[in-house]
Amino acid sequence: MRILVSNDDGIFSPGIKALGLAMRALGEVYVVAPDVEQSAVGHGITVRRPLRFKHTASAGFGEVPAYRVDGTPADCVVLGVHLLGRPDLVVSGINIGVNLGLDLTHSGTVAAALEGTSLGIPSIAFSLDTSGEELNFAEAAAWAVRIARLVMAKGLPKGVLLNVNFPAGVPKGVMVTRLSTHHWEDKVVERLDPEGRPYYWIAGTPVGEEEEGTDLFAVRRGYISITPVSLDFTAGELLAEVRRWVAEL
Ligand SMILES: Nc1nc2c(ncn2[C@@H]2O[C@H](COP(=O)(O)O)[C@@H](O)[C@H]2O)c(=O)[nH]1
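Residues numbered from 1 in each chain as written. Predicted model: local features only at pLDDT ≥ 70, side-chain atom pairs only at ≥ 80, totals over all residues. Heavy atoms only, no water.

- In the annotation of an unreviewed UniProt entry, the protein chain is listed under the name 5'-nucleotidase SurE and assigned to Thermus tengchongensis.
- Listed under Subcellular location (unreviewed entry) in UniProt, the entry text for the protein chain is "Cytoplasm".
- Taken verbatim from the UniProt record of the protein chain, the Sequence similarities (unreviewed entry) comment is "Belongs to the SurE nucleotidase family." (UniProt positions renumbered as here; feature names shortened; annotations may be inferred.)

Here you go:
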């Protein structure tokens, strides 16, 4: 089995190293990841400038082929498939920080799995709650292998990926969840540069309801959250109502 490993924290992140080395238990692994941090870039792809694809022996993956790209996580998946061949599985992460609820719209980690899914490849995004003292990537990576093995055995429907979030510390178990309302309430911080010109920072605070059955509920209670996520963004429950509206146009 061939496994393409990517992320958005960059190729030198401890999370992707733990994931990539652990995935060797399942088959042939190759790593294609951004050269620098790409957090919150979402599903952007780079179409207005060329991309570089560089072998990166210094990233600590040993005999596992590892390449860095001066682009986004989605770029990495596109180039990885094109240049190294189609994998049987795409895994992304292990992200430093959770990706819950509406975070998925901004997450580069999830975007790499979305790109794999859009290419028809079973894909999984892995993120870790870093609110604890130590970042237990080894524990998360061991679980990631078990989850990936199950996905390969059971298969995923076309257009569906798994979004997996690990709690801080040793997981109490696993919950299959729906997305919560977790999101970031952003403020815009305005400052002046030395020449008196204004510049702005977007800086958010994470908020969300811990409704039972959601990803946030699971992670906050120390469980691994596994959420099946669809590429189909259609709000199916509204189709009939919007059709009625259209009659009034
Ligand atoms: N809207 C904001 N979102 C933020 C902010 N800081 C972090 N984030 C969220 O974190 C994740 C990053 O995920 P990654 O997979 O790209 O590392 C992402 O979901 C962002 O929404 C913030 O200040 N504002």
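## Quick word on the packing of aromatic side chains
Centre distance and the angle of the planes are the two values used to describe a pair of aromatic rings.
Here comes step 1: Evaluated as defined, the whole model comprises 2 aromatic pairs.
Here comes step 2: Taken together, a centroid distance of 4.7 Å and an interplanar angle of 15° make the contact between Phe-53 and Tyr-67 stacked. Here the residue Phe-53 occupies a position in strand S3 (residues 53-55), and Tyr-67 occupies one in strand S4 (residues 66-69), the gap between them amounting to 14 residues.
Here comes step 3: Take Tyr-67: its relative accessible area is 18%, and that puts it in the buried class.
Here comes step 4: Measuring from centroid to centroid gives 5.9 Å for Phe-126 and Phe-166, while their planes differ by 10°, and the two rings are stacked. Taken together, the residues span a long stretch of sequence, with Phe-126 in strand S6 (residues 123-128) and Phe-166 in strand S7 (residues 160-166) at a distance of 40 residues. (Phe/Tyr/Trp six-rings, centres within 6.5 Å; stacked < 30°, edge-to-face > 60°. Helix = DSSP H or I, 4+ residues; strand = E, 2+ residues; numbered from the N terminus. Buried < 20%, exposed > 50% of the residue type's maximum accessible area, 1.4 Å probe, protein only.)

## Examining the site of the ligand
Here comes step 1: If you check the shell around the ligand, you find 14 residues, and the closest are Asp-8, Ser-39, Ala-40, Thr-109 and Asp-186.
Here comes step 2: Contact between the ligand and Gly-108: an oxygen atom at 2.9 Å from a main-chain N or O atom of the residue.
Here comes step 3: Protein chains shield 85% of the accessible area of the ligand, which is 490 Å² for the free molecule.
Here comes step 4: Secondary structure elements with two or more residues in the shell around the ligand: helix H3 (108-118), strand S9 (183-192) and strand S10 (198-207).
Here comes step 5: For the shell around the ligand, the per-class residue count stands at 3 nonpolar, 8 polar and 3 charged. (Near = heavy atom within 4 Å. Polar contact = N/O pair within 3.5 Å; in protein donor to acceptor, adjacent residues only side chain to side chain. Areas by Shrake-Rupley, 256 points an atom, 1.4 Å probe, with all protein chains shown as cover. Nonpolar A, V, L, I, M, F, W, Y, C, P; charged D, E, K, R; others polar.)

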